[in-house]
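Chain residues, written in single-letter form:
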Amino acid sequence: MVHSMTGFARSQGHHGKYRWHWEMRSVNGKGLDLRLRLPSGFEALEPDVRKRAGNHLKRGNVQLSLSVEQDRSASGPTVNQAVLESVLQAIDELEENCDLSPSSAADILSLRGVLDVQDQEEDEDERKALIAALIDGLDAALSSLVSHRAEEGEAMAALLVDHLSELERLTLAAEANPSRSVEAIRERLARQVAELLEASDKLDPDRLHAEAAILATKADLREELDRLKAHIVSARNLIAETGPIGRKLDFLSQEFNREANTLCSKSNAAVVTAIGLELKVVIDQFREQVQNIE
């Protein structure tokens, strides 16, 4: 199955007093480039995250972030006795020396430092359970990302198959063109030799015929057409395979382009040259799609 390198996934959940969510974005890349953003206190997750991502993904630039929020309602306020006593002493001195109205309890508690909000202590078992929940969420997000990339890859595979069918049609059209027949080549070269001999009586007829034979061999497109057909078969087989195939298809795209260029340079007929140019257009379209395949 063909997989795209573009995708998005998100998973979320909660455990105890924590809420979390994973978010992943993937675009095309030459290799697998993971860029992680983990919150403070969870940096130790990085090796496991990279290993699990590598098990699911083979290519692509992937941005992966984790957000963890703590439910503060599970924590309660406590009075800082030391700060409170200092504040009360300062209030007594002010009220004694200045004509001030008495302070209320609400006023005193609103002062910074009088009330502390302390988090509940987290034991080791709870921490391990949280990490396990985060890893489960990571696996779920990775599976979702792979599924998204597979869905897009399926659509891309259909486009690639269409491009290959068009390449095959153009290749067969070039192969069947009358200008490639032995008779047409012989007739064209014979006419050219006759024109040269008519233009000058100093030319050696035997040498001209030998050179014409060499040119006929060089102008033969059989090897290029055979290689194009073989590359089409190889590309179709790759698309039917499982696993990363993007690099192999990119290599075949280069081979397609090389054969099309040679076909255009060796062609002695305007029709075949036009077919070669059409081949190059379709090959460019094919290669553009291949750039985003894992």
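**Here we look at helix α8 (residues 246-266)**
Turning to step 1, where the next piece is worked out: With 21 residues, α8 extends 30 Å from end C-alpha to end C-alpha; this agrees with the ideal 30 Å at 1.5 Å per step.
Turning to step 2, where the next piece is worked out: All of the buried residues in α8 are Gly246, Leu249, Asp250, Leu252, Ser253, Glu255, Phe256, Glu259, Ala260, Leu263 and Cys264.
Turning to step 3, where the next piece is worked out: Considering only its buried residues, α8 is in contact with α4 (124-176), α7 (222-239) and α9 (270-290).

**Structural notes on the nonpolar core**
Turning to step 1, where the next piece is worked out: Counting residues in hydrophobic clusters, the biggest one holds 30 residues, and the most contacted among them are Leu164, Leu167, Leu249, Phe256, Leu263, Leu279 and Phe286.
Turning to step 2, where the next piece is worked out: Broken down by secondary-structure element, the contributors of at least two residues to this core are α4, α7, α8 and α9.
Turning to step 3, where the next piece is worked out: Apart from residues no more than four positions distant in its own chain, Leu279 is found in contact with Leu167, Leu170, Thr171, Leu228, Ala260 and Leu263.

**What about the packing of aromatic side chains?**
Turning to step 1, where the next piece is worked out: Using the criterion set out here, one finds 1 aromatic pair in the structure.
Turning to step 2, where the next piece is worked out: Aromatic pair Phe256 and Phe286: ring centres 5.9 Å apart, planes at 85 degrees, arrangement edge-to-face. Here Phe286 lies in helix α9 and Phe256 lies in helix α8, a separation of 30 residues in the sequence. Each member of the pair, Phe256 as well as Phe286, is classed as buried.
Turning to step 3, where the next piece is worked out: The ring of Phe42 carries Arg127 above its face, with NZ or CZ at 4.5 Å from the centroid.

**Observations regarding the environment of Val62**
Turning to step 1, where the next piece is worked out: Tracing the backbone shows Val62 in strand β4 (residues 60-70).
Turning to step 2, where the next piece is worked out: Sequence spacing of Val62 and Asp33 is 29 residues, and the spatial spacing of their C-alpha atoms is 6.1 Å.
Turning to step 3, where the next piece is worked out: Beyond its immediate stretch of four places on either side in the chain, Val62 contacts Arg25, Ser26, Leu32, Asp33, Leu34, Arg35 and Leu57.

**Remarks on the sheet that holds β4**
Turning to step 1, where the next piece is worked out: One open sheet holds the 4 strands; their spatial order is β1-β2-β4-β3, and the pairing between them is mixed. In this open sheet, the two edge strands, each paired with only one partner strand, are β1 (7-15) and β3 (32-37). Within the sheet, the average angular offset between the axes of one strand and its neighbour, ignoring direction, is 15 degrees.
Turning to step 2, where the next piece is worked out: Bridging between β3 and β4 involves 6 bridges; their strand directions are parallel.

**Observations regarding the pairing of β4**
Turning to step 1, where the next piece is worked out: Here strand β2 (residues 18-27) pairs with β4 via 10 bridges, running antiparallel. Across the sheet, His21 pairs through a bridge with Ser67, a residue of β4.
Turning to step 2, where the next piece is worked out: On the question of chirality, the crossover connecting β3 to the parallel β4 by way of helix α1 (residues 46-56) is left-handed.

Definitions and limits used
All residue numbers here refer to positions counted from 1 along the written sequence of the relevant chain. Whole-chain, interface and lining totals are the exception, using all residues; otherwise, since this is a predicted model, local features are given only for residues with pLDDT of at least 70 and side-chain atom pairs are given and counted only at 80 or more. Hydrogens and waters are ignored; side-chain quantities use all the structure's heavy atoms. What counts as a helix is a DSSP run of H or I of at least four residues, what counts as a strand is a run of E of at least two, and both are numbered from the N terminus. Each residue after the first adds 1.5 Å to the expected span of a helix. Throughout this description, buried means an accessible area under 20% of the type-specific maximum (1.4 Å probe, protein chains only), exposed means over 50%, and partly exposed covers the range between. Note on contacts: a residue pair qualifies if any of its non-hydrogen atoms lie within 4.5 Å across the two residues. Within this scheme, the nonpolar core is defined by two criteria: the residues are buried Ala, Val, Leu, Ile, Met, Phe, Trp, Tyr or Cys, and they are joined through side-chain atoms within 4.5 Å. In this scheme Phe, Tyr and Trp rings, the latter by its six-membered ring, pair at centre separations within 6.5 Å, and the angle between planes marks the pair as stacked below 30 degrees, edge-to-face above 60, and tilted otherwise. A ring has a charge above it when a Lys NZ or an Arg CZ is no more than 6 Å from the ring centre and no more than 35 degrees off the ring normal. At least two DSSP bridges between two strands are required for those strands to pair. A fitted line through C-alpha atoms serves as each axis, taken over the contacting stretch for helices, and the angle formed by two N-to-C directions is quoted from 0 to 180°. Throughout, right-handed denotes a crossover for which the path from the first strand over the helix to the second runs clockwise when the strands point away from the viewer.

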